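Commentary on secondary and tertiary structure
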Amino acid sequence: MNDGTTRPMKILVIRRDNIGDLICTTPLFEAIRRQYPTAYIAALVNSYNAPAIAGNPHLDAIFAYTKGKHAAGESVWQAYFRRVKLLWQLRRMKFDYVVLATSGFAVRALKLARMLAPKHIIGFVTDKAGSSRIDQAIAHADGAQLHETEDMFRLLAPIGISGDIPGLTVRPDAQLATRLRAQLPERVRHGEGPLVALHISARKEKQRWPVANFVELAQRLHAQHAARFLVFWSPGDENNPFHPGDDGKAAHLLEALSALPVAPIRTEHLSELMAGLSLCDFAVLSDGGGMHLAAGLGKPVLCFFGNSPAHRWHPWGVPYELIQKPSCTVADISANEACEAFGRLIQKSHRTNLVNKEFLLW
């Protein structure tokens, strides 16, 4: 598909949502690159989620703007001024396609796309909302019943792409990962058992698992599997009204597990979370951006779901065990249930590794 020109096709994917949403969109980048290897492929995201796709090998460029609520060290009007400059730059690039990678009718993303004046705009429309400006419209219909990754992948139909969906793509900073590994205590860095990520933070209250449960789970996993641990959390004081964190919970957990091979990974920046997770063999955490990062890094995941729809947001493309109680409250999940699920996850992971090895030998 060359749109009647001899120059390479230019495609821009707009995804302005949270980290997990953006990671679930990364299969689109790979699929476009496979189908159109010479195309210019770019993503327009916000400054908050941009680090999640840093280093993506399938993109030629990542453009990021700052939302007013994320402006730090500058006024809101300065953030908006920089956004206008960016949109003018993108408009001059004359994109052939702008893809609105949002479930349902994306009003705000459409406004951005119209400012860029592309030849075509691809996006979802619904029975209740749509626009003639989306000339390559796809009926969203029952799209909400699909996994987010499957739903987004349907947006590639207008450019002739369908079939198997690639996995998620997350690329950690290799130098940062090496530096973090070198800083780990000897008994954490080396050992026979798996290195397990324990991520104790969750944005939604119903997604939070009690620290006492993490303590009991870690003790049992060490006893049964000689597991070692890296502890992750959102830094900050829980009483901070603007950016509450879990420093207190992390300190309590680390003290309770001081007899085990455990080390903290303080993640002031998303790149540190990505690099730290890349060191682990398994990840235990609640549904959220961290869970999708772990899946994008190819890590088997034990995940706790509160009131999020599991069919929509479960880990994509990796072995996983998902626990969701009828109450839709993560705190109701027992450490015993989590321990048994982790045992099943290890078995799934081993089976997957055996299949992969057999495939490579074949």
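This text goes with the structure placed above it.
None of the values given here were measured: they were computed from a predicted structure.

Cut-offs and rules
- Residues numbered from 1 in each chain as written.
- Predicted model: local features only at pLDDT ≥ 70, side-chain atom pairs only at ≥ 80, totals over all residues.
- Heavy atoms only, no water.
- Pairing = 2+ DSSP bridges.
- Helix = DSSP H or I, 4+ residues; strand = E, 2+ residues; numbered from the N terminus.
- Axes fitted to C-alpha atoms, helices over the stretch in contact; angles between N-to-C directions.
- Contact = heavy atoms within 4.5 Å.
- Salt bridge = Lys/Arg side-chain N within 4 Å of Asp/Glu carboxyl O.
- Buried < 20%, exposed > 50% of the residue type's maximum accessible area, 1.4 Å probe, protein only.

With that settled, consider the sheet that holds strand 6 (residues 136–139). If you walk across this open sheet you meet the 6 strands as 3-2-1-4-5-6, and the pairing is parallel. The open sheet terminates on both sides in strands that have one partner only, identified here as strand 3 (61–65) and strand 6. Across this sheet, the average inter-strand angle for adjacent strands is 20°, counted without regard to direction. Taken together, the 3 bridges between strand 4 (residues 97–100) and strand 5 (residues 120–125) define a ladder with parallel strand orientation. Paired with Val99 across the strands is Ile122, a residue of strand 5. Along the sheet face, helix 2 (residues 26–35) touches strand 1 (10–14) and strand 2 (40–46) and points at about 165° away from the line of strand 2. Contacts from helix 4 (residues 107–116) reach strand 1, strand 2, strand 3, strand 4 and strand 5 within the one sheet, and its direction differs from that of strand 4 by about 170°.

This part takes up the pattern of salt bridges. Where side chains of opposite charge bring their charged atoms close, a pairing between them can arise. One pass over the full model with this rule turns up 17 salt bridges. Between Arg33 and Asp60 there is a salt bridge, with its nearest N and O atoms 2.7 Å apart. Here Arg33 is found in helix 2, whereas its partner Asp60 is found in the loop between strand 2 and strand 3, with 27 residues between them in sequence. We classify Arg33 as buried; its relative accessible area is 16%. In this structure, Arg220 and Glu216 form a salt bridge, with 3.8 Å as the shortest nitrogen-oxygen distance. Taken together, the residues Arg220 and Glu216, both in helix 8 (residues 211–225) and 4 residues apart, mark about one turn of the helix.

What follows covers the sheet that holds strand 7 (residues 195–199). Judged by pairing direction, the sheet is parallel, and its 6 strands sit side by side in the order 9-8-7-10-11-12 without closing on themselves. Strands at the two margins of the open sheet, each flanked by one partner only, are strand 9 (262–266) and strand 12 (320–324). The sheet shows a mean angle of 15° between the axes of neighbouring strands, taken without regard to direction. Direction of pairing for strand 8 (residues 228–233) relative to strand 9: parallel, over a ladder of 5 bridges. Bridge pairing in strand 9 links Trp233 to Arg266. Set on the sheet, helix 10 (residues 270–278) makes contact with strand 7, strand 8 and strand 9; between it and strand 8 the angle comes to about 165°. Helix 11 (residues 289–296) contacts strand 10 (282–286) and strand 11 (301–305) of the sheet and is inclined by roughly 160° relative to strand 11.

What is shown is where atoms sit, not what they do.
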